[in-house]
Amino acid sequence: MNFTLSRTHQPYLLQYCSVVQWPRKLLVITTGILLMALSANISIPLQPIPLSLQSLTVLLLGAFLGRRLAVLVMLGYLILGACGLPFFAGGHGGINVLTSASAGYLYGFIVSAYIQA
């Protein structure tokens, strides 16, 4: 069975361009991860948790990509940041960031992306 949603029930991006093939989805996920990394490095250094544009980016990705792709973007962002890439606020990376004071915000990004869609 093949069900199609009306235009009003699809995520915004999918209404205007069909992201049905896996290479396009991979490109969208990669772009979302890089956008998250860029927005994390635009920040106001407050202690212990810096203020950045990540929250806005998470909500925008959730609205534009839909639940599944937005959650995949957030999981990819956390995994690549945990591997040591400087994706987190202040150019930090590594597994120690996921156990610091700002870790709750990072895990909350997954929930926010899912709820926003």
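Per-chain numbering applies: the sequence of each chain, read as written, is numbered from 1 onward. It should be noted that, the model being predicted, local features are given only for residues of pLDDT at least 70 and side-chain atom pairs only at 80 or more, the latter also being counted only at that level, while totals for whole chains, interfaces and linings use all residues. For side-chain calculations, the full set of non-hydrogen atoms in the structure is used, while hydrogens and water are omitted.

Hey, could you run me through helix 3 (residues 54-65) in this one?
Because an α-helix completes one turn every 3.6 residues, residues spaced three or four positions apart along the sequence face the same direction. Secondary structure elements follow DSSP: runs of H or I no shorter than four residues count as helices, runs of E no shorter than two count as strands, and numbering proceeds from the N terminus. In this scheme, a helix's expected span is set at 1.5 Å multiplied by one less than its residue total. Its 12 residues give helix 3 an end-to-end C-alpha distance of 16 Å, which sits within 8% of 16 Å, the value for a rise of 1.5 Å per residue. In the segment just after helix 3, Gly66 is the residue with positive phi, at about 95°.

Mind showing me how you'd approach helix 5 (residues 103-116) here?
With 14 residues, helix 5 ought to run about 20 Å at 1.5 Å a step, and its terminal C-alpha atoms sit 20 Å apart, in line with that. At Phe109, helix 5 shows its strongest bend, of approximately 30°. Each residue's exposure class comes from its accessible area (1.4 Å probe, protein chains only) as a fraction of the maximum for that residue type: buried when under 20%, exposed when over 50%, partly exposed otherwise. Burial in helix 5 covers these residues: Ala103, Leu106, Phe109, Ile110 and Ala113. The contact criterion used throughout is that any non-hydrogen atoms of two residues lie within 4.5 Å. If you follow the buried residues of helix 5, they end up packed against helix 2 (22-40), helix 3 and helix 4 (67-82). Given a residue, its bend is the angle between the two axes fitted to the seven residues that end at it and to the seven that start from it.

Please explain the nonpolar core as it appears in this structure.
A general tendency of soluble globular proteins is for nonpolar side chains to be buried together. Among buried residues, those of type Ala, Val, Leu, Ile, Met, Phe, Trp, Tyr and Cys that are joined through side-chain atoms within 4.5 Å constitute a nonpolar core. Membership of the largest hydrophobic core comes to 24 residues, with the highest contact counts inside it found for Met36, Val73, Met74, Tyr77, Leu78, Phe88 and Leu106. Looking at this core, the elements that each hand over two or more residues are helix 2, helix 3, helix 4 and helix 5. If we ignore the near neighbours within four places in the chain, the residues touching Met36 are Gln54, Thr57, Val58, Leu61, Val73, Met74, Tyr77 and Phe109.

Mind showing me how you'd approach the environment of Ala113 here?
As for its position among the elements, Ala113 is in helix 5. Take Ala113: its relative accessible area is 0%, and that puts it in the buried class. Residues Ala113 and Leu69, spaced 44 residues apart in sequence, show a C-alpha to C-alpha distance of 9.1 Å. Discounting chain neighbours no more than four positions away, the residues touching Ala113 are Val58, Gly62, Ala70, Val71 and Met74.

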